[in-house]
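An overview of the molecular structure
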Amino acid sequence: MPPSVPSLPRRVARTLRTSLFAQVTCALVLGIVVGKLWPDTATALQPLGDGFTRLIKTVISPLVFCVVVVGIAKAGDLKAFGRIGVKALIWFEIASTAALVIGLVTANVVGPGRGMNVDPSSLDAAAVQETTGGGHLPTTTEFVLNALPQSFIGAFADNELLQVLILACLVGAALLHLGHTKVPKILPAIEQAQEIIFAVVGFIMRLAPIAVFGAMAHLVGNYGLGVMRTYAKLIVLCYVAAALFIALLAVALKAVTGLSLWKFLRYIREEMLLALGTASTESVMPRVMQKLRRAGARDDAVGLVLPTGYSFNLDGASLYLSIGTLFIAQAVGVDLSLGQQVTVVLVLMLTSKGMAGIPGSAFLALSATASSLGAIPAGAVALLLGVDRIMDSMRVVTNLLGNCVAVFAVSRWEGALDTDRAKRVLDGEDTSTPGDDETGVGAEKALDGEKDPGGEAGAEARAPGIPAQKPKELKEPKELIESKELKEPAPEAG
């Protein structure tokens, strides 16, 4: 009798129950509908997305610390780790400059602000001040000093990734210096802590659909869909420019590593959709680190390049800032010369590096750029207040893909990438990896169990509660000894 095929409703229900991608997709659509139909109610749902992002942020710093320390200790070469850092910074600077140039070229060709003839005095400059909270971008000296931790615990408490990276490098270097004989229990303890953190990430990710629903409903309810029509030309230009930059990333990834960016995008589709829904790349950072490790990138490369990229490699923000600067200039009737546009690139190359984690950082960078040119009124930055939130999706996708490509490229450059494994994983042929099951732990034991069904790991992989059988080779010597004892007469007393 042929097996019965599940009905369509059952297949849909099973997909929704088991697929994070399907759950997040439905939450995204439902959030848009609720935001459109009940905007007043939708604006009160923002805490759902904010709460999820807070939970994820609590595990990012300890996770980065563990991954970097383990990566340095296992690589056994601190000089190689330093080379990875230098090569990452070189890659970041090249990628950010390319994004800035693409933004300026497309804005010059399309001219999204031409013909608007906006009077800067009619704009509410106080709204920009309210958005930025009166803050300012750090100077180069402040940026360097802020990257140095003041206390070990404070770096984790403030969730300062660069400070955590520096501490992790120091601890990893100390482990290499002391050797495993002097501190034999430290590295295994850090590895176990890493597995616990990945398990916590697995638990938190179950809340992802709720977070996406709340964040999307708040966005549509608060800003509405009408802003899309008002700034249609600018929005389309930003997304087209992002598509051009991503195409450039795809060519670079193929040339350097031989990997397909489209296959990688399909591989991280759940994380990408979650980042889009929550408008935050931090919300998917732990999962992306897992998947990059699974795809053949070595731990030390993943642990250093990806977190550093969150501060130094904001490709999507660079695109937006360059296009936004020209849009503002065109809208108020200022024609920037070639020299002034070169100045825009140079200023944004500096200001974009200190943007991470600062409220209203895009407006601060735009204001700094306008002030450096002296030709654009600083208050004209308020023109972008209504559309800035709509650009989050473009910035998130571009930033995330740019950092992931950087991990692959720098890993390949340093010889820290298993290209064959990466191709198998992206093709869906190899799903085995340590710590990449639903909760983030236990996959390595399951793999060992498949290779050794009689071992303890095999028992865990088969079913809980079933004791592992001892190998037959261990039984035979014992039986032989017992049989010999029975055959030999006992010695007489006295």
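Residues numbered from 1 in each chain as written. Predicted model: local features only at pLDDT ≥ 70, side-chain atom pairs only at ≥ 80, totals over all residues. Heavy atoms only, no water.

**What about the side chain of H218?**
Here H218 is to be found in helix α11 (residues 208-223). At 3.3 Å, the side chain of H218 and the side chain of Q46 are in polar contact. Not counting chain neighbours up to four residues away, the residues in contact with H218 comprise A42, T43 and Q46. (Helix = DSSP H or I, 4+ residues; strand = E, 2+ residues; numbered from the N terminus. Polar contact = N/O pair within 3.5 Å; in protein donor to acceptor, adjacent residues only side chain to side chain. Contact = heavy atoms within 4.5 Å.)

**A closer look at the pattern of salt bridges**
A complete count under the given rule lists nine salt bridges for this structure. Connected via shared salt-bridge partners are E270, E271, R287 and K291. (Salt bridge = Lys/Arg side-chain N within 4 Å of Asp/Glu carboxyl O.)

**Considerations on the nonpolar core**
One finds V64, L234, F264, L292, L384 and L401 to be the most contacted residues of the largest nonpolar core, which totals 136 residues. Residues within four places of L292 in sequence aside, it is in contact with F264, A297, V302, L306, C404, V407 and F408. (Core = buried A, V, L, I, M, F, W, Y, C linked by side-chain atoms within 4.5 Å. Buried < 20%, exposed > 50% of the residue type's maximum accessible area, 1.4 Å probe, protein only.)

**Quick look at the packing of helix α5 (residues 78-110) against helix α17 (residues 299-312)**
In a packed pair of helices, the relevant descriptors are the angle between the two axes and the axis-to-axis distance. Contact geometry for α5 and α17: axes closest at 10 Å, N-to-C directions at 35°. Along this stretch, α5 crosses α17, giving a crossing that reads as right-handed. Two secondary-structure elements touch here, α5 through F81, I84, G85, A88, L89, F92 and S96 and α17 through D300, A301, L304, V305, T308, G309 and F312. A per-class count over the contact of α5 with α17 returns nine nonpolar, four polar and one charged. (Axes fitted to C-alpha atoms, helices over the stretch in contact; angles between N-to-C directions. Left-handed = near helix turned anticlockwise from the far one by under 90°. Nonpolar A, V, L, I, M, F, W, Y, C, P; charged D, E, K, R; others polar.)

**Re the environment of E195**
Mapping E195 onto the fold places it in helix α10 (residues 186-205). Separated by 129 residues in the primary sequence, E195 and C66 have C-alpha atoms spaced 9.4 Å apart.

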